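Read off the chains here:
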Amino acid sequence: MDKLSDRVKRLGYSQTFVMSNKAREMKANGIDVISLTLGEPDFDVPDNIKQAAFDAINQNYSHYSPVPGFLELREAIAHKLKRDNNLEYKPTQICVSNGAKQAIINVLASIINDGDEVLLPAPYWVSYDEMVKMMGGTSVMLPTSYLTDFKVTAEQLEEAITEKTKAVLFSSPCNPSGGYYTYDELKSIAKVIAKYPQVTIISDEIYEYINYETKTTSIAQFPEVYEQTAVINGMSKAFAMTGWRIGYSACPEWLAKACEKVQGQMTSGANTMAQRASITALKTDPSEYRYMIDAFKERRDLVYELIKEIPGFKVLLPKAAFYFFPDISHYIGKTLNGTEINNSDDFAMFLLENAHVGCVGGFSFGSPECIRFSYAASEEDLREAMKRIKNLLEQFN
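The structure displayed is predicted, hence computed values, not measured ones. (Residues numbered from 1 in each chain as written. Predicted model: local features only at pLDDT ≥ 70, side-chain atom pairs only at ≥ 80, totals over all residues. Heavy atoms only, no water.)

1. Some thoughts on the pairing of strand S6 (residues 200–204)
Buried residues dominate S6, accounting for five of its five residues. Of the two faces of S6, the one carrying Thr200, Ile202 and Asp204 and the one carrying Ile201 and Ser203 are both buried. Strand direction decides the pairing type here: strand S5 (residues 165–171) and S6, joined by five bridges, are parallel. Of the residues in S6, the one forming a bridge with Phe170 is Ser203. A crossover links S5 with its parallel partner S6, the connecting element being helix H8 (residues 183–193), and its sense is right-handed. Sheet topology note: the S6/strand S7 (residues 229–234) ladder contains four bridges and is parallel. Following the sheet pairing, Ile202 is matched in S7 by Ala230. (Buried < 20%, exposed > 50% of the residue type's maximum accessible area, 1.4 Å probe, protein only. Helix = DSSP H or I, 4+ residues; strand = E, 2+ residues; numbered from the N terminus. Pairing = 2+ DSSP bridges. Right-handed = clockwise from strand over helix to strand, strands pointing away.)

Here is the structure:
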């Protein structure tokens, strides 16, 4: 008897965790592996945020919070959205969740019926497609490439919209490409989506602060789609609070209430101490945490010079986030050291087993010709990783 549901059988494992777990296993067996798989800042949480969590424990914030989060935190989020994004949201439009991942699932669960289509500009974060499957929807991938800076056009988006289209889900800045949509690009996209009131925009802005060129634009800034947009953000990337599991959505009132209903039946409110610490983080001037972003930029510049020397890689300079996403199609279809390279997942495993460098294949990101490296690692590890890969691949060119 098969006891598993059709729903869970439709889901795949996160390729990010598959590769990171494989790297951990090799390390445990004494192999010197450099893992550049996970999208996690390698900084410690700033001291003022940690102190706020200690204070919350001592003040006995150990009971259930309201399902959408403490009012003080939702007020701090509303203030941040006004200060940094020129967006007007009331606390009643905000739902604090157990990470940004849950915030996205809340929105999808609120709007998706079986068979509804969700447009995913590729490359996309590995969990997006699986989340859509979980909710009974169908993902429609919109391909891009390094030649188009891994971005879709408004025209491409409009061509993909059908009567079944219920949402478009994307991240800007983008995991995995490290690119972002400009003000003008988002304005064009907003004009298109505004024609289709049944379509909800789910705008994942978790890498908002990690932008090396300009201030990130939120598509919710355009009045014509404000009522169609769910803004997703959280504490994990800019504040190095990955394990604290605090994310949030800012939505039209009708959607915010639906998200609260969904979350109330799944997990209820998020961790109370982490919520109190998040208030402190959001109220602090963002410049106080700029040192992390400056360090990421230095590492980006370092890796860019090194990765350009690797034979067979076609790579763009990432403008945001902390990933490189080189095109490695040069190697697809070849056999390297007895390993057949049918796609970038095969190539990522080849690098792990032969260069002892962990990365993530692009198949699960919707770009099977690319691989993703995180440069949220020490300069020493980054230099050594690029050296290992270059030395390995020079044998085949």
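2. Topic: the packing of aromatic side chains
For the coordinates displayed, the defined rule picks out 21 aromatic pairs. Plain terms: the ring middles of Tyr207 and Phe322 are 5.5 Å apart, the flat faces sit at 80 degrees to each other, and that makes the pair edge-to-face. With Tyr207 in the loop between S6 and S7 and Phe322 in the loop between helix H11 (290–307) and strand S9 (323–324), the pair connects residues that are 115 residues apart, well separated along the chain. When its relative accessible area of 0% is taken as the criterion, Phe322 is described as buried. With centroids separated by 5.3 Å and ring planes inclined at 80 degrees, the aromatic side chains of Phe239 and Tyr289 adopt a geometry described as edge-to-face. A residue pair is termed long-range when its members are at least 10 positions apart, and Phe239 in the loop between S7 and strand S8 (247–250) and Tyr289 in the loop between helix H10 (272–283) and H11 qualify at 50 residues. (Phe/Tyr/Trp six-rings, centres within 6.5 Å; stacked < 30°, edge-to-face > 60°.)

3. Focus on the sheet that holds S9
In space, the three strands of this open sheet follow the order S9-S14-S13, with antiparallel pairing throughout. Every other strand in the sheet has two partners, leaving S9 and strand S13 (360–361) as the edge strands with one partner each. The pairing of S13 with strand S14 (residues 371–374) spans two bridges and is antiparallel. Residue Val360 lies in a different strand from S14, and its bridge partner there is Arg372. Across the sheet, helix H12 (residues 344–354) touches S13 and S14, and the angle it forms with S14 is around 45 degrees. (Contact = heavy atoms within 4.5 Å. Axes fitted to C-alpha atoms, helices over the stretch in contact; angles between N-to-C directions.)

4. Brief notes about the UniProt feature "domain: Aminotransferase class I/classII large" (unreviewed entry) in the protein chain
As recorded in UniProt, the feature "domain: Aminotransferase class I/classII large" (unreviewed entry) lies at residues 32–389. End-to-end, the C-alpha atoms of residues 32–389 are 14 Å apart, and along that stretch the chain is 37% helix and 15% strand. (UniProt positions renumbered as here; feature names shortened; annotations may be inferred.)

5. Overview of unusual backbone geometry
For the bond from Ala122 to Pro123, the omega torsion is 5 degrees, close enough to zero to count as cis. For the bond running from Ser172 to Pro173, omega is 0 degrees, close enough to zero to count as cis. In this structure, Ser268 takes a positive phi of about 65 degrees despite not being glycine. The topology assignment puts Ser268 in the loop between helix H9 (253–266) and H10. Judged by relative accessible area, Ser268 falls into the partly exposed class, the value being 28%. The backbone of Ala321 sits at a positive phi, close to 55 degrees, despite the residue not being glycine. By the element assignment, Ala321 lies in the loop between H11 and S9.

6. Comments concerning helix H4 (residues 71–85)
Taking 1.5 Å of rise per residue, 15 residues should cover 21 Å, and H4 covers 20 Å from first to last C-alpha, within 8% of that figure. Along H4, the residues classified as buried are Leu73, Arg74, Ala76, Ile77, Ala78, Lys80, Leu81, Asp84 and Asn85. Next to the buried residues of H4 lie strand S2 (94–97), S7, S8 and H10. Positive phi appears at Asn86, one or two residues downstream of H4, with a value of about 55 degrees. (Expected span 1.5 Å × (residues − 1).)

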